[in-house]
Amino acid sequence: MQIRIARILNKLLVIFAGLALILFAGIFFVTNRYPDYRFYYIAAFVIITITLTVVFKWLENRWDKAVILKMAREGKIALMNIRGGKRLFPLRDTGLVNYWIYEIEGDLYNGEHEKLEKVFHEKMNRDTGEIPQGSVYVTYDEIKPSQIFIIPNAVIGNLPNLIPIVASYEKDKKIAVKYLDVFYRQGMVLRTIREAMTEYKLKGQAGGQPQKRTGERA
């Protein structure tokens, strides 16, 4: 899904940039042919350009997060035991933030706790190396089976409607649940609980506070 989003955003960027250039070129045409309307045209050009920029930046920064939150609120989640993953290609947004697109594979357990082998793509933090094995929650809708995103733990913990769904997975003896620490920091970050605890201890010894993660409450 992340690759599809990246492709759509690239097409939109080209379309928006082309439209802005056409409108900019129109300034000279209006100035020569209709000088009395020059001010209004330039004002319209500025407003349209700003609007397109704001819309694109919102889509670039919030599209996947909005889908994740919407699906989580609707209870469209599933447990996935990640087996591993590999880097596919780097990605950079218009804010010059670098990411890696990873191909991740694992066993997804749907609402009936049936095991499905799945491969999907995720936008990971640029410092991501090896993908750890472990359990995460992902968005999942059988009507749109390819719309899979990893859900940060903070989102799961802040939605009471997900409590019975999570409890059902944890009570199922047929499913080996070994949670990973999952959060968003300029791309998704996956690490083992041991790695997370080691960081907290080191920051505690240094007298600092752990960095607040995106989506977590203070």
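Residues numbered from 1 in each chain as written. Predicted model: local features only at pLDDT ≥ 70, side-chain atom pairs only at ≥ 80, totals over all residues. Heavy atoms only, no water.

Caption draft 1: A look at the pattern of salt bridges. Tallying each qualifying case throughout the model produces nine salt bridges. For Lys57, the salt bridge is made with Glu60, and the minimal N-O distance between the two is 3.2 Å. With Lys57 and Glu60 both in helix α2 (residues 38-73) and three residues apart, the pair spans about one turn of that helix. Glu60 gets classed as buried once you look at its relative accessible area, which sits at 10%. Of the charged contacts in the structure, one is a salt bridge between Lys86 and Glu103, with a shortest N-O distance of 3.8 Å. Residue Lys86 is located in strand β1 (residues 77-92), and its partner Glu103 is located in strand β2 (residues 98-109); the two are separated by 17 residues in the primary sequence. Bridged by salt links that share partners, the residues Lys70, Glu74, Lys76 and Asp141 form one connected network. (Salt bridge = Lys/Arg side-chain N within 4 Å of Asp/Glu carboxyl O. Helix = DSSP H or I, 4+ residues; strand = E, 2+ residues; numbered from the N terminus. Buried < 20%, exposed > 50% of the residue type's maximum accessible area, 1.4 Å probe, protein only.)

Caption draft 2: Examining the confidence of the model for the protein more closely. Chain-level statistics for the protein give a pLDDT mean of 91 and a share of 94% at 70 or above. Confidence drops under pLDDT 50 across residues 214-218; counting only partners more than four residues distant or on other chains, this segment forms seven contacts. (pLDDT = per-residue confidence, 0-100. Contact = heavy atoms within 4.5 Å.)

Caption draft 3: Local environment of the packing of aromatic side chains. Following the criterion strictly, the structure yields seven aromatic pairs and no others. When the ring of Phe24 is compared with that of Phe45, the centres are 6.1 Å apart and the planes differ by 50°; the resulting orientation is tilted. Taken together, the residues span a long stretch of sequence, with Phe24 in helix α1 (residues 2-33) and Phe45 in helix α2 at a distance of 21 residues. Residue Phe24 is classed as partly exposed on the basis of its relative accessible area, which comes to 41%. An aromatic cluster is built from Phe24, Phe28 and Phe45, whose rings are joined through pairwise contacts. The cationic tip of Arg87 hangs over the ring face of Trp100; the distance from NZ or CZ to the ring centre is 4.1 Å. The ring of Tyr99 has Lys123 lying over it, and the distance from NZ or CZ to the ring centre is 4.5 Å. (Phe/Tyr/Trp six-rings, centres within 6.5 Å; stacked < 30°, edge-to-face > 60°. Lys NZ or Arg CZ within 6 Å of the ring centre and 35° of its normal.)

Caption draft 4: Spatial organisation of a nonpolar patch on the surface. A surface patch of nonpolar side chains, amounting to about 670 Å² of accessible area, comprises Phe29, Tyr34, Tyr37, Phe39 and Tyr40. With respect to the secondary-structure elements, Tyr34 resides in the loop between α1 and α2. On the basis of relative accessibility, which here comes to 45%, the residue Tyr34 falls in the partly exposed class. (Patch = residues over 30% accessible without salt bridge, like charges linked within 9 Å, V, L, I, M, F, W, Y side chains within 5 Å. Areas by Shrake-Rupley, 256 points an atom, 1.4 Å probe, with all protein chains shown as cover.)

Caption draft 5: Up close: the environment of Ser146. With respect to the helices, strands and loops of the structure, Ser146 is situated in the loop between β4 (134-139) and β5 (150-151). Taking the C-alpha atoms as reference points, Ser146 and Asp127, 19 residues apart in sequence, are found 26 Å from one another.

Caption draft 6: Structural context of the pairing of strand β3 (residues 115-125). Pairing of β2 with β3, which is carried by eleven bridges, proceeds in the antiparallel orientation. Bridged to Gly106 within β3 is Lys118. (Pairing = 2+ DSSP bridges.)

Caption draft 7: Molecular detail of the nonpolar core. Residues Val136, Tyr137, Val138, Ile150 and Leu190 are the most contacted members of the largest nonpolar core, which totals 45 residues. With seven residues, α2 is the single largest residue contributor to this core. Sequence-distant contacts of Val138, that is, excluding residues within four places in its chain, are made with Lys76, Ile77, Ala78, Met80, Leu108, Ile148, Phe149, Ile150 and Ile151. (Core = buried A, V, L, I, M, F, W, Y, C linked by side-chain atoms within 4.5 Å.)

Caption draft 8: Structural detail: α1. Taking 1.5 Å of rise per residue, the 32 residues of α1 would be expected to cover 46 Å, and the 46 Å separating its terminal C-alpha atoms lies within 8% of that figure. Of the residues making up α1, those classed as buried are Gln2, Ile3, Ile5, Ala6, Leu9, Phe16, Ala20, Leu23, Gly26, Ile27 and Val30. Of the surrounding secondary structure, the elements contacted by the buried residues of α1 are α2, β1, β2 and β3. (Expected span 1.5 Å × (residues − 1).)

Caption draft 9: Main features of the side chain of Thr139. Along the chain, the position of Thr139 falls in strand β4. For Thr139, a relative accessible area of 0% puts it in the buried group. Within the structure, the side chain of Thr139 is placed 2.9 Å from the backbone nitrogen of Phe149, a separation counted as a polar contact. (Polar contact = N/O pair within 3.5 Å; in protein donor to acceptor, adjacent residues only side chain to side chain.)

Caption draft 10: Representation of the pairing of β4 in the model. Among the six residues in β4, six count as buried, and that is most of the element. Residues of β4 alternate between two faces, with Gly134, Val136 and Val138 on one and Ser135, Tyr137 and Thr139 on the opposite face, all of them buried. Both β1 and β4 contribute to a ladder of six bridges, which runs antiparallel. Pairing of Ile82 across the sheet is with Gly134, part of β4.

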